[in-house]
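# Summary of structural features
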Amino acid sequence: MRTTSLREYSVCFSKSTLLLSLRMLLLVPAGLPVGSQGDSQSDNRVMDNITARQGDTVLLRCAQGDVVTHTAWLNRSSILYAGEDKWSVDPRVSLVSLNQEEFTIKIENVDMTDEGQYVCAVQTSSRPRTTSVHLLVQVPPKIINLSRDSVVNEGSNLTLMCQASGKPEPTITWKLISSSVDLGSEDEYLEIPSISRQRAGTYECTAVNDIDTDVRTVDITVNYAPMVSEGRDVGVTPSQRGALECEADAVPEADFEWYKDDRRIFSDFDGIEILNTGSLSKLTFFNVSDGDYGNYTCVAINKLGSSNTSFLLYVVIESTSSTLLQGPRAVQDGSGGPIGAHSHTCLLFIAILPFLLRF
Ligand SMILES: *[C@@H]1O[C@H](CO)[C@@H](O)[C@H](O)[C@H]1NC(C)=O
Ligand SMILES: *[C@@H]1O[C@H](CO)[C@@H](O)[C@H](O)[C@H]1NC(C)=O
Ligand SMILES: *[C@@H]1O[C@H](CO)[C@@H](O)[C@H](O)[C@H]1NC(C)=O
Ligand SMILES: *[C@@H]1O[C@H](CO)[C@@H](O)[C@H](O)[C@H]1NC(C)=O
Ligand SMILES: *[C@@H]1O[C@H](CO)[C@@H](O)[C@H](O)[C@H]1NC(C)=O
Ligand SMILES: *[C@@H]1O[C@H](CO)[C@@H](O)[C@H](O)[C@H]1NC(C)=O
Ligand SMILES: *[C@@H]1O[C@H](CO)[C@@H](O)[C@H](O)[C@H]1NC(C)=O
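What comes next concerns the included structure. (Residues numbered from 1 in each chain as written. Chains lettered and ligands numbered in written order. Predicted model: local features only at pLDDT ≥ 70, side-chain atom pairs only at ≥ 80, totals over all residues. Heavy atoms only, no water.)

### Notes on the overall build of the protein
Spelled out, the test is: By definition, any uninterrupted DSSP run of H or I lasting at least four residues is a helix, any uninterrupted run of E lasting at least two residues is a strand, and each is numbered from the N terminus. For each residue, the accessible area found with a 1.4 Å probe, counting protein chains only, is set against the maximum for its type, and the residue is called buried under 20%, exposed over 50%, and partly exposed in between. Whether two residues touch is decided by their heavy atoms; if any such pair falls within 4.5 Å, the residues are in contact. Surface accessibility follows the Shrake-Rupley procedure with a 1.4 Å probe radius. Residue values consider only the protein chains on display as shielding.
In terms of regular secondary structure, the protein is built from four helices and 25 strands. Classification of the 359 residues of the protein by burial places 41% in the buried group. In the protein, the share of contacts with a sequence separation of at least 24, taken over all contacts with a separation of at least 6, comes to 65%. Accessible surface, the protein as shown: approximately 19500 Å² in total, 50% of it carbon and sulfur.

### So, the site of ligand 3
Note the threshold: The criterion for a residue being near a molecule or strand is simple. One of its heavy atoms has to lie within 4 Å of it. Two N or O atoms form a polar contact when they lie within 3.5 Å of each other; inside protein one atom must be a possible hydrogen donor and the other a possible acceptor, and for residues adjacent in sequence the pair counts only when both atoms belong to side chains.
The environment of ligand 3 is formed by Asn145, Met161 and Gln163. Residue asparagine 145 places a side-chain N or O atom 2.3 Å away from an oxygen atom belonging to ligand 3. When ligand 3 is considered free in solution it has 360 Å² of accessible area, and contact with the protein chains removes 31% of it.

### Here we look at the pattern of salt bridges
Short version of the rule: When a carboxyl oxygen of Asp or Glu lies within 4 Å of a side-chain nitrogen of Lys or Arg, that pair is called a salt bridge.
Within this structure, the stated rule accounts for nine salt bridges. Glutamate 115 is the salt-bridge partner of lysine 167, the closest N and O atoms lying 2.6 Å from each other. Of this pair, lysine 167 sits in strand 12 (residues 158-167) while glutamate 115 sits in the loop between strand 8 (102-107) and strand 9 (116-124), and the two are 52 residues apart along the sequence. Overall, glutamate 115 belongs to the buried group, its relative accessible area being 19%.

### Examining the environment of valine 151
Here valine 151 lies in strand 11 (residues 150-153). For the pair valine 151 and valine 222, spaced 71 residues apart in sequence, the C-alpha to C-alpha distance is 5.9 Å. Among all residues touching valine 151, those that are not within four sequence positions of it are Thr221 and Asn223.

### A short note on the packing of aromatic side chains
Test applied: Centres within 6.5 Å are what make two rings of Phe, Tyr or Trp a pair, Trp counting through its six-membered ring; a difference in plane orientation under 30 degrees is then read as stacked, over 60 as edge-to-face, and the rest as tilted.
Counted under the stated rule, the structure contains two aromatic pairs. Judged by centre distance (5.4 Å) and plane angle (65 degrees), the ring pair of phenylalanine 285 and tyrosine 296 falls under edge-to-face. Of this pair, phenylalanine 285 sits in strand 23 (residues 280-285) while tyrosine 296 sits in strand 24 (residues 294-302), placing them eleven residues apart in sequence. On the accessibility criterion, phenylalanine 285 (1% relative accessible area) is buried. Look at tyrosine 296 and you get buried, because its relative accessible area is 1%.

### Considerations on the nonpolar core
Note the cut-off: Within this scheme, the nonpolar core is defined by two criteria: the residues are buried Ala, Val, Leu, Ile, Met, Phe, Trp, Tyr or Cys, and they are joined through side-chain atoms within 4.5 Å.
Membership of the largest hydrophobic core comes to 23 residues, with the highest contact counts inside it found for Leu244, Cys246, Trp258, Leu283, Phe285, Tyr296 and Leu313. Among the elements of the structure, strand 18 (234-236), strand 19 (242-251), strand 20 (255-260), strand 22 (272-277), strand 23, strand 24 and strand 25 (305-315) are those that each provide at least two residues to this core. Broken down by element, the residue count for this core peaks at four residues, all from strand 19. When neighbours within four sequence positions are excluded, cysteine 246 is seen to be in contact with Val228, Phe256, Trp258, Ser279, Leu280, Ser281, Cys298, Thr309 and Phe311.

### Let's talk about the sheet that holds strand 24
Our working rule: Here, any two strands with at least 2 DSSP bridges between them count as paired. Lines fitted to C-alpha atoms define the axes, with helix axes restricted to the stretch in contact, and inter-axis angles between N-to-C directions lie between 0 and 180 degrees.
Pairing is mixed in the open sheet, where five strands are placed in the order 18-25-24-20-21. Two strands close off the open sheet at either side, each with one partner strand: strand 18 and strand 21 (263-265). For this sheet the average axis-to-axis angle between neighbouring strands, irrespective of direction, equals 35 degrees. Summarising the sheet, strand 18 and strand 25 pair through three bridges and their orientation is parallel. Looking across to strand 25, one finds that valine 236 is bridged to valine 315.

### Points about the sheet that holds strand 7 (residues 93-98)
Reading across the sheet, the three strands line up as 3-8-7 and stay open at both edges, with antiparallel pairing between neighbours. The two strands at the open ends of the sheet, each matched to only one other strand, are strand 3 (58-63) and strand 7. Direction aside, the axes of adjacent strands within the sheet are offset by 20 degrees on average. Where strand 3 and strand 8 come together, six bridges link them in antiparallel fashion. Across the sheet, residue arginine 61 finds its bridge partner in strand 8, namely threonine 104.

### What to know about the state of the cysteines
Formally: Criterion for a disulfide: a pair of cysteine sulfur atoms within 2.5 Å.
Taken as a whole and judged by the stated rule, the model has three disulfides. Between the sulfur atoms of cysteine 62 and its disulfide mate cysteine 120 the distance is 2.0 Å. Taking the sign of the S-S torsion, -75 degrees for the link of cysteine 62 and cysteine 120, the bridge is left-handed. On the criterion of sequence distance, the pair formed by cysteine 62 in strand 3 and cysteine 120 in strand 9 is long-range, its members being 58 residues apart. Owing to a relative accessible area of 1%, cysteine 62 belongs among the buried residues under this scheme. Taking relative accessible area as the criterion, cysteine 120 reaches 0% and is therefore assigned buried. One disulfide in the model links cysteine 246 with cysteine 298; its S-S distance is 1.9 Å. Linking cysteine 246 and cysteine 298, the disulfide has an S-S dihedral of approximately -70 degrees and is accordingly described as left-handed. Of this pair, cysteine 246 sits in strand 19 while cysteine 298 is found in strand 24, placing the two residues 52 residues apart along the sequence. Relative accessible area serves as the criterion here: at 0%, cysteine 298 is assigned to the buried category. Each disulfide of the protein joins two cysteines, and with those cysteines numbered along the sequence the arrangement is 1-2, 3-4, 5-6.

Below, the structure is given as structure tokens:
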């Protein structure tokens, strides 16, 4: 009878190691002739899969019944418990109950390596029986490898990477947060060919599986050469305060240089101040004198290039009409040169000319 049972187990698992384990377990001397009768008397059941999450405690329950002579729980080919004797050296494995009804063991803090088939082998007075159960271990997604924050020049090809672990295998999605546009890439790699400044910002990688979600971000800075806004001419009454403003869009932020005609100008303590705040440079005249009028050029520079614009500081004579003070938008100076003191009255005429022409 016993030899028949052994035969059954070996057929069932086709594993010599398992057979050996069971021979030892059932205290049967190896090498005994194996009978051919009673093959139909065994009973092999498959229980529903057990799905657990990493870290969970799992109970493996096996019905007993009849008069059980030997019973064991096995993980693949190794015995975890033979009756109430613990064979496993794993401290996470322990006996919950062993009685007439059931033989239950538990595995604490399950991990991916515990996944697989567990078998309960029971020998009763009548016939052998096995019950197998497949343990599936799910693992929440975790982003394990992500591109670093980086700075690139506009026009370069950029590839971002986001690798995640987890079970089932997580799906990856990419989003550019500032534009809240879903980039449609469902891949570990996000390719951004010839990156534009609009594609700068914070990229969000999301890894999702049935269990959970993991999100991480990458900051991408796109450098580009300055672009200055077109200069706005400014009219100022002599001895008044006046200012020219130059705005440059640039990454990294631009450095500014100011020129009057071809001569570089700097802040000084008697009358001129150049103040740079981020993208804006402001040239202030505290007390505009005749010599200050003329053509100014603002040059914005960063490591990728430069850009410039020119302005006219022109004379406005205080008058009773407040509309006159706003001055015309652009003044044409025929000579193209600096507007000196001698042209003072001429400029005044030019300044009021558009108003005269309306009538
Ligand atoms: C149990 O899990 C295994 C492995 O994933 C699978 O092949 C089998 O179909 C599952 N069985 C049931 C009953 O869900
Ligand atoms: C089951 O066997 C596998 C492979 O030998 C091992 O990695 C895992 O720790 C075992 N799990 C338990 C609960 O014994
Ligand atoms: C992350 O990805 C890089 C590039 O593919 C690779 O060299 C590195 O080994 C990865 N690191 C981990 C922890 O997977
Ligand atoms: C970007 O990729 C395109 C297409 O693969 C290639 O033709 C181009 O030379 C690359 N540009 C840079 C700056 O590497
Ligand atoms: C501006 O300069 C003129 C001539 O140098 C001077 O007469 C005037 O007092 C100054 N005005 C102010 C407000 O400093
Ligand atoms: C201003 O820009 C023009 C072309 O955009 C360039 O030719 C010129 O040299 C620049 N001027 C300065 C002072 O940088
Ligand atoms: C001002 O100077 C710039 C650069 O020298 C020149 O391109 C522009 O034509 C000048 N503007 C006027 C109105 O003279």
